[in-house]
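Given next are the chains, with one letter for each unit.
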Amino acid sequence: MGLHGVKAVFFDLDNTLIDTAAAGRRAIEERAPRPLQVISALQSKHHYGEGEARAVCDKVQAKLLKECHDPAKMCITDLRISHWEEAIQETIGGEANRDLAAECYYLWKTTRLQHLTLAEDTRAMLTELRKGLRLLLLTNGERQTQREKIEACACQPYFDAIVVGGEQKEEKPAASIFHYCCDLLGVQPAECVMVGDSLDTDIQGGLNAGLKATVWLNKAMTAPVDTSPVPHYIISSVLDLPAVLQKMEHNANAKLETDHMAGSNE
């Protein structure tokens, strides 16, 4: 794809290329022939009622959404075991049960990773795009957690470079991490497009860094409560990206033609 002015596309990982949220839900709720998932394990192995088991998992999900991790103070494994430990104690009461919390955490983590897949049509799209563009994966998050996801969904072969926020001095939306990505690929910010599901990190970050365009993946196609930041383009599926890039190329060609005609008339 020979695009005027666009040389690289940066992709977010979680809930953009892979459905991390759905994988997390399946790790908690899905039933299997043997009790692999957390709710099943808490019911069959530890004799929790279904309501209690669900309450524990709901509390953990809430803690994950509000999670603030400082790697200098605690490793991500200890922090997330603590989420389960607190949720169990808040639901059941009694003494803290670190062993059960650890069991639940590793069960949830293992099952979630098993459900993280890069869909076949997404793989095909990335393969096609890479014929004419440089592709980079740019994901926020703790180093170990994100690297495990990347390994689980086997997305490495589709990218020229992979950048994990937890391995850098700053994460999205800081302009510095985007400029680092540009340097890695040997391109300018004005030659890059950022694609992601987060207005606060992906879109704001792309704008902060002065990228050519930002593309917001809004699966629900619901209007944001806040109108800022404003993405250049909105798509409901990552598979719509090639059409956006073609539109950008068409607009660039039209502008070149207009500029040429204006120059000829002078």
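Residues numbered from 1 in each chain as written. Predicted model: local features only at pLDDT ≥ 70, side-chain atom pairs only at ≥ 80, totals over all residues. Heavy atoms only, no water.

**Student:** In this structure, what is going on with the side chain of Ser198? I would like to understand it.
**Tutor:** Residue position: Ser198 is located in the loop between β4 (192-196) and α9 (199-208). Only 3.3 Å separates the side chain of Ser198 from the backbone nitrogen of Asp200, close enough to count as a polar contact. Only 2.9 Å separates the side chain of Ser198 from the side chain of Thr201, close enough to count as a polar contact. In this structure Ser198 touches Ile203 and Trp216, once residues within four positions along its chain are discounted. (Helix = DSSP H or I, 4+ residues; strand = E, 2+ residues; numbered from the N terminus. Polar contact = N/O pair within 3.5 Å; in protein donor to acceptor, adjacent residues only side chain to side chain. Contact = heavy atoms within 4.5 Å.)

**Student:** How do you make sense of the pattern of salt bridges when you look at a structure like this?
**Tutor:** Under the criterion given, the structure shown has 16 salt bridges. Notably, a salt bridge pairs Arg98 with Glu85, separated by 2.7 Å at the nearest N-O pair. Note that Arg98 is positioned in helix α5 (residues 98-114) and Glu85 in helix α4 (residues 76-92), a separation of 13 residues in sequence. (Salt bridge = Lys/Arg side-chain N within 4 Å of Asp/Glu carboxyl O.)

**Student:** What is the right way to look at the sheet that holds strand β6 (residues 233-235) in this model?
**Tutor:** Within a beta sheet, neighbouring strands are joined by backbone hydrogen bonds and run either parallel or antiparallel to one another. Taken in spatial order, the 6 strands of this open sheet run β3-β2-β1-β4-β5-β6, and their pairing is parallel. The outermost strands of the open sheet, each flanked by one partner alone, are β3 (161-164) and β6. Each strand of the sheet is rotated relative to its neighbour by a mean of 20°, with strand direction disregarded. Direction of pairing for β4 relative to strand β5 (residues 213-217): parallel, over a ladder of 4 bridges. The residue of β5 that forms the bridge with Val193 is Ala213. (Pairing = 2+ DSSP bridges. Axes fitted to C-alpha atoms, helices over the stretch in contact; angles between N-to-C directions.)

**Student:** I'm lost on the packing of α4 against α5 in this one. Help?
**Tutor:** For any two helices packed against each other, the geometry is given by the interaxial angle and the distance between the axes. Contact geometry for α4 and α5: axes closest at 8 Å, N-to-C directions at 115°. Considering how the two elements wind past one another, α4 and α5 form a crossing that is right-handed. For the pair α4 and α5, contact is made by Thr77, Asp78, Arg80, Ile81, Ser82, Trp84, Glu85 and Ile88 and by Arg98, Leu100, Ala101, Ala102, Cys104, Tyr105, Tyr106, Trp108 and Arg112, respectively. Residue composition of the contact of α4 with α5, by class: 10 nonpolar, 2 polar and 5 charged. (Left-handed = near helix turned anticlockwise from the far one by under 90°. Nonpolar A, V, L, I, M, F, W, Y, C, P; charged D, E, K, R; others polar.)

**Student:** Teacher, can you tell me more about α9 here?
**Tutor:** Side chains that are three or four residues apart share a direction in an α-helix, a result of its 3.6 residues per turn. What α9 keeps buried is the set Leu199, Asp202, Ile203, Gly205 and Gly206. Those residues of α9 that are buried are in contact with α8 (175-185), β4 and β5. Sitting at the amino-terminal end of α9 is Ser198, which places a side-chain oxygen 3.3 Å from the backbone nitrogen of Asp200. Remark: Gly210 follows α9 within two positions and exhibits a positive phi of approximately 75°. (Buried < 20%, exposed > 50% of the residue type's maximum accessible area, 1.4 Å probe, protein only.)

**Student:** Is there a simple way to explain the environment of Gly165 in this structure?
**Tutor:** Its location among the elements puts Gly165 in the loop between β3 and α8. On the basis of relative accessibility, which here comes to 1%, the residue Gly165 falls in the buried class. Spatially, the C-alpha atoms of Gly165 and Gly141 are 5.7 Å apart, while their sequence positions differ by 24 residues. If we ignore the near neighbours within four places in the chain, the residues touching Gly165 are Thr139, Asn140, Gly141, Glu170, Glu171 and Ile177.

**Student:** What should I look at first to understand α4 in this one?
**Tutor:** In this model α4 runs 24 Å from its N-terminal to its C-terminal C-alpha over 17 residues, within 8% of the 24 Å that 1.5 Å per residue would give. Elements that come into contact with the buried residues of α4 comprise α2 (38-44), α3 (50-65), α5 and α7 (143-153). Just downstream of α4, Gly93 is the residue with a positive phi angle, here 85°. (Expected span 1.5 Å × (residues − 1).)

**Student:** Which parts of the structure should I look at to understand the environment of Leu129?
**Tutor:** When you line up the elements, Leu129 lands in helix α6 (residues 120-129). Sequence separation of Leu129 and Leu245 is 116 residues, and the distance between their C-alpha atoms is 9.8 Å.

**Student:** Would you mind going over the pairing of strand β1 (residues 8-11) with me for this structure?
**Tutor:** When a strand is regular, its side chains alternate between the sheet's two faces. With burial as the criterion, each face of β1 is covered, one bearing Ala8 and Phe10 and the other bearing Val9 and Phe11. Two elements, β1 and strand β2 (residues 134-139), share 4 bridges in a ladder whose sense is parallel. Bridging across to β2, Phe10 finds its partner in Leu136. Bridge count for β1 against β4 is 4 bridges, and the pairing is parallel. Within the sheet, the bridge partner assigned to Phe10 lies in β4 and is Met194.

**Student:** Explain unusual backbone geometry here, please?
**Tutor:** Note on backbone geometry: most residues besides glycine have negative phi, and most peptide bonds are trans. Across the junction of Lys172 and Pro173, the peptide omega takes the value 15°, indicating a cis bond. Mapped onto the fold, Pro173 is located in the loop between β3 and α8. Even without being a glycine, Ala154 presents a positive backbone phi close to 50°. Residue Ala154 is classed as partly exposed on the basis of its relative accessible area of 33%. Located in the positive-phi region is Met221, a residue other than glycine, with phi close to 50°. Inspection of the secondary structure puts Met221 in the loop between β5 and β6. Taking the relative accessible area as the measure of exposure, Met221 reaches 47% and is therefore partly exposed.

Without other data, these values stay purely geometric and don't point to any function.
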